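Here is what each chain is made of, one letter per residue.
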Amino acid sequence: MPNTEKTKEQIKENPKQSSPLTIEDDYTPVVYDPQYILMVNKLKKYFPIKGGMVSKTVGYVRAVDGITFNLKRGTTMGLVGESGCGKTTAGRTILRLSGGKTGGQVLFNGQEIYDLSHKELRALRTKMQIIFQDPFSSLSPRLPVGEIIGEAVREHELVPKEEFDDYIDQVMDNCGLQPFHKTRYPHEFSGGQRQRICIARALALNPEFVVCDEPVSALDVSIQAQIINLLKDLQEKYKLTYLFISHDLSVVRYLCDRIVVMYLGKVVEIADKKELFENPLHPYTKVLLSAIPVPVYGAKRERLFFHGELPSPLNPPAGCRLHTRCPYATPECASCEQELRDVGGGHMVACGRYEQLQGQ
C-alpha cells in the first residue's frame, strides 16, 4: 500500500496539483455512430487508498484517467504503453469486470454499459469476451477442458442439449484442439495449448468484441506466431473486433489496424498503424518505437531514453504527465494539461510541441 504520509508531503511540495480526493467527471456525452462497435469517452477508473484507524479514504490511484477512443467494427485496435500505464485496467473497466467506473462513458453498440441492469448485462455478456494474459491461472484446474469451454454455453443456453457436444467439438477444432482433449485437465497441456483453450472458451459464446489482454506475452516466440495467426484467422472467419493490449510493438504492428498509446493513465497518441510507425509525433511514442529490435544482423537503431522514474498514479504530475521525464518539456508543459487534438487523417496527439519536434 502506498505511503500516505509521503503522499501528503508530495502534495504540499506541488501546490498546483489537485487534492488526491478530488474527482471530476466533466465530459460532453458522445453521439452514437453505428460504424463504431465501441465508443469510450473520458473513461476514468480510480482505486481508493484507505488509511487511518477508521480506514478513511486518503487518496486514489488514478489508474485510468480520462481516456477517449472509438473502435470500428471488424478491426483490431492496439492499446500499448509501458507496464503500469493502465492498459489492463482500461480493458477490464470497458467490460465492467472491475466494479464500477469512476467517470466517463462506455458505449457498446450504442448502449451505455454502466446503465444496464443485471439482467440486461447478463444478456450482453455473450457479445463481449476477454482472453487473459496468463493461460494457466485463468483456467480452473478442477474442470476438464470440455467443461471449461462449454460451461458458459450451457449457462446461457446458446445451443440445444442434443447439439451441445458437436458444438463444443467444432469450437475446439476451429482453435486447433482435438475432440479427445475435452476430458483432459489444464495441467496436461503446454502453454500454447492452454491459450488455445482460453480462445476457444471466449469464442464459444459467439462474441462480437474480444479484449485480448497480452495473450502471447507468456509464450515462446514460435508459439506466439501460431496464436497471433490463429487470432487473425478467427477474426476473418467470424468478423470479430479486437482490443489488443500489449507492450510488444512488433506484435502490435503485425496484428493491429489502429493504435492507442497510453502513459500513466492518459492517452497520448492515436493513429493508424502505418502512420504511427512512420510518423510518431509524441515524444513518448518516439521512445517506445526506438526500443523495437531491428531484425537485421549488424543494423542499429538510435535508442532514445527518458531519465527519471515513472511518477506514481497516486499523485501524478500536474499539466502534461510526461513533463517530469521529457527532455523537450517547457514551463507551459508543467502548468497546462494537453488534450488530444486531430492533426490530420485521424492522427491525434496530446502534445503542444509536436510541430517543433517533428524530425527529431
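Residues numbered from 1 in each chain as written. Predicted model: local features only at pLDDT ≥ 70, side-chain atom pairs only at ≥ 80, totals over all residues. Heavy atoms only, no water.

1. Description of the overall build of the chain
- Helix and strand counts for the chain stand at 12 helices and 12 strands.
- In terms of overall size, the chain behaves like a compact globule, its C-alpha atoms giving a radius of gyration of 22 Å where 360 residues would be expected to give roughly 21 Å.
- Taking the principal axes of the C-alpha coordinates as reference, the chain spans close to 70 × 60 × 40 Å.
- Taking as baseline every contact in the chain between residues at least 6 positions apart, the subset at least 24 positions apart corresponds to 64%.
- Carbon and sulfur atoms make up 50% of the accessible area of the chain, which totals about 18,100 Å².
- Seen as two clouds, the 44 positive and the 43 negative side-chain charges of the chain have centres 3 Å apart. (Helix = DSSP H or I, 4+ residues; strand = E, 2+ residues; numbered from the N terminus. Rg over C-alpha atoms; globule rule 2.2 N^0.38 Å. Contact = heavy atoms within 4.5 Å. Areas by Shrake-Rupley, 256 points an atom, 1.4 Å probe, with all protein chains shown as cover. Lys, Arg positive; Asp, Glu negative; His and termini not counted. Charge placed at Lys NZ, Arg CZ, Asp CG, Glu CD.)

2. Some thoughts on the pattern of salt bridges
- Tallying each qualifying case throughout the model produces nine salt bridges.
- Between K101 and E112 there is a salt bridge; the shortest N-O distance is 3.6 Å. A residue pair is termed long-range when its members are at least 10 positions apart, and K101 in the loop between α2 (87-94) and β4 (103-108) and E112 in strand β5 (residues 111-112) qualify at 11 residues.
- Given a relative accessible area of 26%, K101 falls into the partly exposed group.
- Residue classification places E112 among the buried residues on the basis of a relative accessible area of 11%.
- Residues E147 and R154 are paired through a salt bridge, measuring 2.8 Å at the closest nitrogen-oxygen approach. (Salt bridge = Lys/Arg side-chain N within 4 Å of Asp/Glu carboxyl O. Buried < 20%, exposed > 50% of the residue type's maximum accessible area, 1.4 Å probe, protein only.)

3. Describing the nonpolar core
- Ranked by internal contacts, the top residues of the largest apolar core, which has 58 residues, are I149 and I199.
- Core analysis: the second largest hydrophobic core is formed by 31 residues, L38, F209, V260 and M262 among them. (Core = buried A, V, L, I, M, F, W, Y, C linked by side-chain atoms within 4.5 Å.)

4. Considerations on the environment of T102
- Assignment of secondary structure puts T102 in the loop between α2 and β4.
- With relative accessibility at 21%, the residue T102 sits in the partly exposed group.
- C-alpha of T102 to C-alpha of D25: the two residues are 77 residues apart in sequence and 7.8 Å apart in space.
- Once residues lying within four places of it in the same chain are set aside, the contact partners of T102 are I23, D25, K44, K45 and Y46.

5. Comments concerning the packing of aromatic side chains
- Under the counting rule described, the total for this entry stands at three aromatic pairs.
- Look at F108 and F209: their rings are 6.1 Å apart centre to centre, the planes differ by 40°, and that puts the pair in the tilted class. You can see F108 sitting in strand β4 and its partner F209 sitting in strand β7 (residues 209-213), a full 101 residues away along the chain.
- Judged by its relative accessible area of 0%, F108 falls in the buried class.
- With a relative accessible area of 0%, F209 lands in the buried category.
- Sitting over the face of the ring of F164, R154 holds its NZ or CZ atom 4.5 Å from the ring centroid.
- For the cation-ring pair, K232 lies above Y254, with the distance from its terminal atom to the ring centre recorded as 5.3 Å. (Phe/Tyr/Trp six-rings, centres within 6.5 Å; stacked < 30°, edge-to-face > 60°. Lys NZ or Arg CZ within 6 Å of the ring centre and 35° of its normal.)

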